[in-house]
Amino acid sequence: MKTRYLAGAAVLAAAALALTACAGTATPASNNTKTLTLAQAQKATSIADFGGMDGLVAAANKEGHLNVITLPPSWANYGQIIQGFQKKYPGIKINSENPDGSSADEVAAAKAQKGQSTAPDVFDIGTAVMDQNLDLLAPYKVGSWKDIPDNFKDADGTWYYDYTGLMSVGYDSKKFPNGVKKLDDLLGSEFKNAVAIKGDPTQANEALSAVTMAALQSGGSVDNIQPGIDFFQKLKQAGNFLGTLPKQATVASGETPVVIQWSFNNVGWGPAAGSAGNPNWKTVVLPGTGLGSYYNQAINKDAPNPAAARLWEEYLYTPAVQNLYLAAGAYPSQLAAMKKNGTVDKSVLAKVGDAPSDFVQLDSDQAAKASTLLTAKWAAAIG
């Protein structure tokens, strides 16, 4: 794999997609609407349980709210995606909580707020944390279920992939004009107090993935991430590891001049963000085996707004929203089907580039193993 630089034009392409295009759905409307109780709606496994789309929309409008969590506007185009949902369904108010939180924060909120109107309705969650909390999830199959590859979803509909990026290094090219060509470059003295990751890898999937990427770059594998932990220990000992949680604002201000995170986030924090971004920000996927990680969509089994939660999932898996993911450089799970049936936005795909075939991701067992190792070793390594 050659070094890949990702163009900021990917995010700009999203602006060309009209939000009204999000009206499409893979499931036809029906007049046979059904009125469900809260308990019945929480157990609904498909749109048919509501009598079709009309029934689902009516039930969601009656609830009037949707609680999402840990969805920053700059992450995978969620700002536009949320705006599109509110435009299409103005009777449903989206409450977006803790946008800079982690997968573990999603689970903690669901447990702490169970039975309350503020509990999250839906999850956008990493595999390692999700696999430890499958008892929180409600099976539901969206109308475009057949367009999600079999190995991208749970057979019963408990979870399904939504999108992936590639783990990348973003850096301020004005401060580091020589760039980053290999991971060990970050151990150099010029990177003092410069390198940040997205939180605690024992809690956040993106941070765990940064450690896994470091392992792949250091002789390890998805089955052995210890070399990644060792790399960050060296980074800490060199005085280069920065404990600050990076955000778009800290990249723009120069407070976090190097960030190891998903490519769609690094791209989204650079020139493509306009005045909110860092005009000198470069994004590079290092040579060698690339690391991807599909995030998962899932519904809280105790969702206070179960119809709105299911309508949200139907909305996310329309071609329009899958194209919005793509425009941010986040490769959607239905991309292959969309290319085949002609619903992919070809201009966006041309700007972003096709999903690379030469990347790996942790399966559920590997993710659980990595999480266990990090729980045992991470604090001591960077303490």
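Predicted model only: the values in this text are computed from it and were never measured. (Residues numbered from 1 in each chain as written. Predicted model: local features only at pLDDT ≥ 70, side-chain atom pairs only at ≥ 80, totals over all residues. Heavy atoms only, no water.)

A separate point is the packing of helix H4 (residues 78-88) against helix H11 (residues 306-316). Where H4 meets H11, the axes come as close as 11 Å, and the angle between the chain directions of the two elements is 120°. Classified by the angle between their axes, H4 and H11 sit oblique to one another. Between H4 and H11 lies a crossing whose hand is right-handed. On H11, the residues touching Tyr78, Gln80, Ile81, Ile82, Gly84 and Phe85 of H4 are Leu311, Trp312, Tyr315 and Leu316. (Axes fitted to C-alpha atoms, helices over the stretch in contact; angles between N-to-C directions. Helix = DSSP H or I, 4+ residues; strand = E, 2+ residues; numbered from the N terminus. Parallel < 35°, antiparallel > 145°, perpendicular 65-115°, else oblique. Left-handed = near helix turned anticlockwise from the far one by under 90°. Contact = heavy atoms within 4.5 Å.)

Moving on: the confidence of the model for the chain. Chain-level statistics for the chain give a pLDDT mean of 91 and a share of 92% at 70 or above. When the criterion is pLDDT under 50, residues 1-30 qualifies, and its contacts beyond four places in sequence or with other chains add up to 78 contacts. (pLDDT = per-residue confidence, 0-100.)

What follows covers the nonpolar core. Counting residues in each nonpolar core, the largest one holds 97 residues, and the members touching the most others are Tyr78, Leu186, Phe232, Ile260 and Trp312. With eight residues, the top contributor of residues to this core is helix H7 (residues 205-217). A domain split of this core shows at least three residues from each of domain 1 (30-162 + 294-352) and domain 2 (167-291 + 358-382). Leu335, Met338, Val348 and Leu349 belong to the second largest nonpolar core, which has nine residues in total. (Core = buried A, V, L, I, M, F, W, Y, C linked by side-chain atoms within 4.5 Å. Buried < 20%, exposed > 50% of the residue type's maximum accessible area, 1.4 Å probe, protein only. Domains from an automatic or database assignment.)

Here we come to the pattern of salt bridges. For the structure on display, the rule yields seven salt bridges. One salt bridge in this structure joins Asp100 and Lys247, with 3.7 Å as the shortest N-O distance. Within this pair, whereas Asp100 is found in the loop between strand E3 (93-97) and helix H5 (103-112), its partner Lys247 is found in the loop between helix H8 (226-237) and helix H9 (248-253), the two being separated by 147 residues in sequence. Ionic pairing is found between Asp185 and Lys182, a salt bridge with its closest N-O pair at 2.8 Å. For Lys182, a relative accessible area of 48% corresponds to the partly exposed category. (Salt bridge = Lys/Arg side-chain N within 4 Å of Asp/Glu carboxyl O.)

This paragraph deals with the layout of surface pockets. The calculated volume of the largest pocket comes to roughly 390 Å³. Together, 27 residues line the largest pocket, and Trp75, Asp100, Gly101, Lys198 and Glu206 are the ones closest to its centre. Of all elements in the fold, only H5 and H7 reach the threshold of two or more residues within the lining of the largest pocket. Among the elements that line the lining of the largest pocket, the one with the most residues is H5, at three residues. Grouping the constituent residues of the lining of the largest pocket by class yields 11 nonpolar, nine polar and seven charged. No fewer than three residues from each of domain 1 (30-162 + 294-352) and domain 2 (167-291 + 358-382) sit in the lining of the largest pocket. (1 Å grid on protein atoms, 1.4 Å probe; cavity = no way out; pocket = protein on both sides within 12 Å on 5 of 7 lines; lining within 4 Å. Points joined across faces, edges and corners; volume = space filled by probe spheres on them. Nonpolar A, V, L, I, M, F, W, Y, C, P; charged D, E, K, R; others polar.)

On to the packing of H7 against H8, then. Running from amino to carboxyl end, H7 crosses H8 at an angle of 100°, the nearest separation of the two axes being 7 Å. Comparing their axes, H8 and H7 come out roughly perpendicular. Only Pro227, Gly228, Ile229, Phe231 and Phe232 of H8 make contact with H7, whose side of the interface consists of Ala210, Val211, Ala214 and Ala215. A per-class count over the contact of H7 with H8 returns eight nonpolar, one polar and no charged.

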